[in-house]
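Close look at the chain arrangement
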Amino acid sequence: MMTLTTLTNAAATTRLFCAAAVIAVAFTGFPLQASAETFEVKMLSRGEKGPMVFEPDFLEIAPGDRVRFVPTHKSHNAATIDGMIPESVEGFKSRINDEFETGFEKPGFYGIKCSPHYGMGMVMLIKVGEATLPQSYRTVDVPGRAKPRFEDLFEQAEK
Ligand SMILES: [Cu+2]
């Protein structure tokens, strides 16, 4: 009789242990998903690289990461540039002076501008995951002052 009870208890313990293991596996799955990072980009009327800048102006992030555009100075926004986002991705355009956060899922390069200061060269580039800069990005018609900044950014992107 005693032996039977012990066996039953042992079986119950084993079952309990298995259940705990299943729960543990289920929970350890979460941190992997939640490991997506959020990067902060300041929108500045004057920064280290001169007037009208995103800081930083080049980001390398992983698919699923997020970027928060912070209007540190007034009268800026963040908007994707036509012809400088991966195919089938919908662009975005934030409201002037609003903090704006968005996720980047598809690997590739994302050219970003500040709508009011595009002509003053206020642009940045985000590289998501493993990607090669499409040559077509170099032929996009950008304002004169944005050109040298993009040339620098493309150079960084190809390092
Ligand atoms: Cu601006």
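Parameters and conventions
Residues numbered from 1 in each chain as written. Predicted model: local features only at pLDDT ≥ 70, side-chain atom pairs only at ≥ 80, totals over all residues. Helix = DSSP H or I, 4+ residues; strand = E, 2+ residues; numbered from the N terminus. Buried ≥ 20, exposed ≤ 12 C-beta atoms within 10 Å, placed from the backbone. Contact = placed C-beta atoms within 7 Å. Pairing = 2+ DSSP bridges. Axes fitted to C-alpha atoms, helices over the stretch in contact; angles between N-to-C directions. Expected span 1.5 Å × (residues − 1). Arc of directions from axis to C-beta. Core = buried A, V, L, I, M, F, W, Y, C linked by C-beta atoms within 7 Å.

1. Regarding the overall build of the chain
When its secondary structure is counted, the chain shows two helices and eight strands. Taken from the N to the C terminus, the helices and strands of the chain come in the order α-β-β-β-β-β-β-β-β-α. Split into buried and exposed, the 159 residues of the chain put 25% on the buried side. Partitioning the contacts of the chain with sequence separation of at least 6, the portion at a separation of at least 24 is 65%.

2. Brief notes about the sheet that holds strand β1 (residues 38-47)
Spatially, the four strands line up as an open sheet ordered β2-β1-β4-β6, and their pairing is mixed. A single partner strand is all that each edge strand has here, and the edge strands are β2 (50-55) and β6 (100-103). Geometrically, the sheet is characterised by an average inter-axis angle of 15° between neighbouring strands, direction not taken into account. Across four bridges, the pairing between strand β4 (residues 66-70) and β6 is antiparallel. Along β6, the bridge assignment pairs Val67 with Thr102.

3. Here's the deal with helix α2 (residues 146-157)
For α2, with 12 residues, the first-to-last C-alpha span of 16 Å sits near the 16 Å given by 1.5 Å per residue. Three or more residues of α2 are buried, namely Ala146, Arg149, Phe150 and Leu153. The arc enclosing the buried residues of α2, seen along the axis, measures out at 95°, which places them on a common side. Exposed and oriented more than 90 degrees from the buried face of α2 are Pro148, Glu151 and Glu155. Contact partners of the buried residues in α2: β3 (58-61) and β8 (123-128).

4. Quick look at the environment of Leu133
The topology assignment puts Leu133 in the loop between β8 and α2. A sequence separation of 49 residues divides Leu133 from Met84, and the C-alpha atoms of the two residues are 9.8 Å apart. Discounting residues that sit within four places of it in the chain, Leu133 has contacts with Phe109, Phe154, Ala157 and Glu158.

5. Looking at the pairing of β4
Within a regular beta strand, the side chains point alternately toward one face of the sheet and then the other, so they alternate between its two faces. Side chains Val67 and Phe69 project from β4 onto a buried face, and the interleaved Arg66, Arg68 and Val70 project onto a face without burial. In this structure, β1 lies alongside β4, joined through five bridges in parallel fashion. For Glu40, the partnering residue across the bridge sits in β4 and is Arg68.

6. A closer look at the nonpolar core
Ranked by internal contacts, the top residues of the largest apolar core, which has 27 residues, are Phe54, Tyr110, Ile112, Met124 and Ile126. Counting residues per element, the ones that place at least two in this core are β1, β2, β4, β7 (108-113), β8 and α2. Among the elements that take part in this core, β8 stands out by supplying five residues, more than any other.

7. Looking at the sheet that holds β3
Strand order across the open sheet formed by four strands is β3-β8-β7-β5, with mixed pairing between neighbours. The sheet is open, and its two edges are formed by β3 and β5 (79-80), each paired on a single side. As paired elements, β3 and β8 share four bridges and run parallel to each other. Residue pairing across strands places Glu60 opposite Lys127, the latter belonging to β8. Where α2 meets the sheet, its contacts fall on β3, β7 and β8, and the angle it forms with β8 comes to roughly 20°.

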